[in-house]
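Here's the letter readout for the chains.
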Amino acid sequence: EAGVAQSPRYKIIEKRQSVAFWCNPISGHATLYWYQQILGQGPKLLIQFQNNGVVDDSQLPKDRFSAERLKGVDSTLKIQPAKLEDSAVYLCASSFPGLALRNEQFFGPGTRLTVL
Amino acid sequence: DQQVKQNSPSLSVQEGRISILNCDYTNSMFDYFLWYKKYPAEGPTFLISISSIKDKNEDGRFTVFLNKSAKHLSLHIVPSQPGDSAVYFCAARRINTGTASKLTFGTGTRLQVTL
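Just so it is clear, the structure is predicted and the values come from calculations on it, not from any experiment.

Analysis parameters
Residues numbered from 1 in each chain as written. Chains lettered and ligands numbered in written order. Predicted model: local features only at pLDDT ≥ 70, side-chain atom pairs only at ≥ 80, totals over all residues. Heavy atoms only, no water. 1 Å grid on protein atoms, 1.4 Å probe; cavity = no way out; pocket = protein on both sides within 12 Å on 5 of 7 lines; lining within 4 Å. Points joined across faces, edges and corners; volume = space filled by probe spheres on them. Helix = DSSP H or I, 4+ residues; strand = E, 2+ residues; numbered from the N terminus. Nonpolar A, V, L, I, M, F, W, Y, C, P; charged D, E, K, R; others polar. Salt bridge = Lys/Arg side-chain N within 4 Å of Asp/Glu carboxyl O. Buried < 20%, exposed > 50% of the residue type's maximum accessible area, 1.4 Å probe, protein only. Contact = heavy atoms within 4.5 Å. Buried area = accessible area lost by both parts, 1.4 Å probe. Polar contact = N/O pair within 3.5 Å; in protein donor to acceptor, adjacent residues only side chain to side chain. Pairing = 2+ DSSP bridges.

### Topic: the layout of surface pockets
- Roughly 640 Å³ of internal volume is contained in the largest pocket.
- Lining the largest pocket are 31 residues; nearest its centre among them are Gln37, Leu39 and Arg112 of chain A together with Lys38 and Arg110 of chain B.
- No other element matches strand 11 (residues 111-115) of chain A, which puts four residues into the lining of the largest pocket.
- Residue composition of the lining of the largest pocket, grouped by class: 15 nonpolar, 11 polar and five charged.

### Digging into the pattern of salt bridges
- Evaluated as defined, the whole model comprises four salt bridges over all chains.
- Arg64 of chain A is the partner of Asp86 of chain A in a salt bridge, and the nearest nitrogen-oxygen pair spans 2.5 Å. On the criterion of sequence distance, the pair formed by Asp86 of chain A in the loop between strand 8 (75-79) and strand 9 (88-95) and Arg64 of chain A in the loop between strand 6 (53-56) and strand 7 (65-68) is long-range, its members being 22 residues apart.
- In this structure, Lys56 of chain B and Glu58 of chain B form a salt bridge, with 4.0 Å as the shortest nitrogen-oxygen distance.
- Note on Lys56 of chain B: relative accessible area 41%, which makes it partly exposed.
- Relative accessible area serves as the criterion here: at 51%, Glu58 of chain B is assigned to the exposed category.

### A few points about the interface of chain B and chain A
- The interface of chain B with chain A comprises 21 residues on the first partner and 25 residues on the second.
- Of the roughly 1,700 Å² buried between chain B and chain A on both sides combined, carbon and sulfur atoms contribute 54%.
- The interface formed by chain B and chain A includes three residue pairs in polar contact (both at pLDDT 80 or more).
- Residue contributions to the side of chain B that touches chain A peak at four residues, all from strand 4 (residues 30-38) of chain B.

### So, the pairing of strand 5 (residues 44-50) of chain A
Residue and element names in this part refer to chain A.
- In terms of residue burial, strand 5 counts as a mostly covered element, since five of its seven residues are buried.
- What sits between strand 4 (residues 31-37) and strand 5 in their antiparallel hairpin is a turn of six residues, with Gly40 showing a positive phi close to 85°.
- Note: strand 5 against strand 6, three bridges, orientation antiparallel. Within strand 6, the position partnered with Gln48 by the bridge is Asp56.
- Where strand 5 hands over to strand 6, the hairpin turn is made up of two residues, of which Asn51 adopts a positive phi near 55°.

### Focus: the sheet that holds strand 6 (residues 56-59) of chain B
Residues and elements named next belong to chain B.
- Read from one edge to the other, the open sheet built from five strands follows the order 1-3-8-7-6, with strand pairing classed as antiparallel. Across the chains shown, the open sheet's two edge strands, defined by having one partner strand only, are strand 1 (4-5) and strand 6.
- Bridge analysis of strand 3 (residues 19-25) against strand 8 (residues 72-77) gives six bridges, and the strand direction is antiparallel. The residue of strand 8 that forms the bridge with Ile20 is His76.

The structure is reproduced here in structure tokens:
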């Protein structure tokens, strides 16, 4: 079974530039999550999708961050414009509804963003 | 407001000995707890979980203990192996909310198992 795919793996940009990350979840996983992990901290949920609908985006900085999950499969997360404090690893995860009680989320390798 | 806390940023244990990783939480609405393991340049992987109706869950070398009155859980690894060297994250979930599967993570503990 293929895991969660993310690209790019690394990205370096200057502040005020834009950047986009892509995620392809495990086939059949209806729920998709984007997390931000700043160095020395645990992952923080930015947004959660159920199919192509947003379930929770309460911690997404909506003035600069946006995410979409067209057709309920792949997802993109965009930052526009980026700030220095956005430097972090952006993790995508997915889960299958049948595992909702155990809440076992499967994570991709992440995209390490450095904003200079 | 850090609702899930892992107060030990690092831990070093000799191979074959027991590793004990601790986690404290403040939100009494949490009712399901998970441990994730993370190797460098990889995403976290699920390790073991426990429901709040239990006080212990065991899976091979890994055992998680939950003390609800103290709002404390711990992960025991015995015997520890060099391949266990990784960062371990404790996570907690609130049930019966609109975002039932939302996880709150701790800051992680880096475990190093030495030869």
